[in-house]
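An overview of the molecular structure
Spelled out from the first residue to the last, the chains are:
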Amino acid sequence: MARPIPHPEPTPDPRHRPDQPCGAPSPAPSPHWPRAVCPPASAGFEQSAKDWLFELAPARWWHEELLHRQPAELARMVRLRLEADVIAMHAGLRAVTRSMLPRDPAPGLLPQASELYTRERDWARAMLEQVKLVEEALRTACGRARRRRPTAVGAAPALRTRMPRQRPSTG
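Since the model is a prediction, treat every value here as computed from it, not as a measurement.

Parameters and conventions
Residues numbered from 1 in each chain as written. Predicted model: local features only at pLDDT ≥ 70, side-chain atom pairs only at ≥ 80, totals over all residues. Heavy atoms only, no water. Helix = DSSP H or I, 4+ residues; strand = E, 2+ residues; numbered from the N terminus. Polar contact = N/O pair within 3.5 Å; in protein donor to acceptor, adjacent residues only side chain to side chain. Contact = heavy atoms within 4.5 Å. Salt bridge = Lys/Arg side-chain N within 4 Å of Asp/Glu carboxyl O. Buried < 20%, exposed > 50% of the residue type's maximum accessible area, 1.4 Å probe, protein only. pLDDT = per-residue confidence, 0-100. Expected span 1.5 Å × (residues − 1).

1. Some words on the side chain of Arg 79
Along the chain, Arg 79 falls in helix H3 (residues 71-98). A polar side-chain atom of Arg 79 sits 2.5 Å from a polar atom in the side chain of Glu 135. Apart from the residues lying within four places of it in its own chain, the contact partners of Arg 79 are Leu 128, Val 131, Lys 132 and Glu 135.

Below is the structure:
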């Protein structure tokens with residue numbers, strides 16, 4: 001029987017140096033806080049959160065400019081996708097469990113499939129919990145940033161970040 005391969009936690013961006021971007025060390029807000037994301041009070045929080053969330057997201061999302069400008073929206077989309085994954089893996093597990101009958105042509109295959117669905121569901125649940133924490137912190141941080149924006153005439157323009165190229169066409 002094949003041994004389960006544990007899911008690695010998404011790794012931070014290779015340019016992300018763990019000794020520098022978070023600034024002064026501050027404790028993670030929760031024991032479930034992802035290690036790849038700086039704590040919310042640190043200078044590197046938003047960028048590390050975006051890097052981590054994009055690793056969980058489908059690759060095509062990287063081409064969406066809105067998700068680079070609005071990391072809280074990226075977090076919401078990743079959360080919704082993980083919620084759907086949990087439901088899908090649970091449905092697959094139920095289907096596999098129901099089909100475990102003695103007449104099955106490959107009896108060893110179904111327990112392996114059951115274990116796989118269970119592992120995937122459990123992984124999605126764990127990641128979902130972490131994404132919810134990051135999403136909440138991003139919403140709080142983005143709310144504070146919105147209130148601090150200068151509105152006076154002649155105020156300094158917002159920093160522009162490099163946006164991705166246009167998403168490739170599908171057809």
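Let's pick the thread back up.
2. A word on the pattern of salt bridges
By the definition in use, this model includes seven salt bridges. For Glu 83, the salt bridge is made with Arg 79, and the minimal N-O distance between the two is 3.4 Å. Taken together, the residues Glu 83 and Arg 79, both in helix H3 and four residues apart, mark about one turn of the helix. By relative accessible area, Glu 83 is classed as partly exposed at 26%. The salt bridge involving Asp 122 is made with Arg 121; its shortest N-O contact spans 3.3 Å.

3. Let's talk about the confidence of the model for the chain
In low-pLDDT segments, the atomic positions of the prediction should not be examined closely. Looking at the chain, the pLDDT average stands at 79 and 63% of residues meet or exceed 70. Per-element confidence in the chain is highest for helix H1 (residues 45-56), whose mean pLDDT is 97, and lowest for helix H4 (residues 109-148), whose mean pLDDT is 89. The low-confidence segment residues 11-20 (pLDDT under 50) makes eight contacts with residues lying over four places distant or belonging to another chain. Ignoring residues within four places in sequence, the model shows residues 155-159, a span with pLDDT below 50, making two contacts including any to other chains.

4. Details of H3
Across its 28 residues, H3 extends 41 Å between first and last C-alpha, which sits within 8% of the 40 Å expected from 1.5 Å per residue. All buried positions along H3 are accounted for by Pro 71, Ala 72, Leu 74, Ala 75, Val 78, Arg 79, Leu 82, Val 86, Gly 92, Leu 93 and Val 96.

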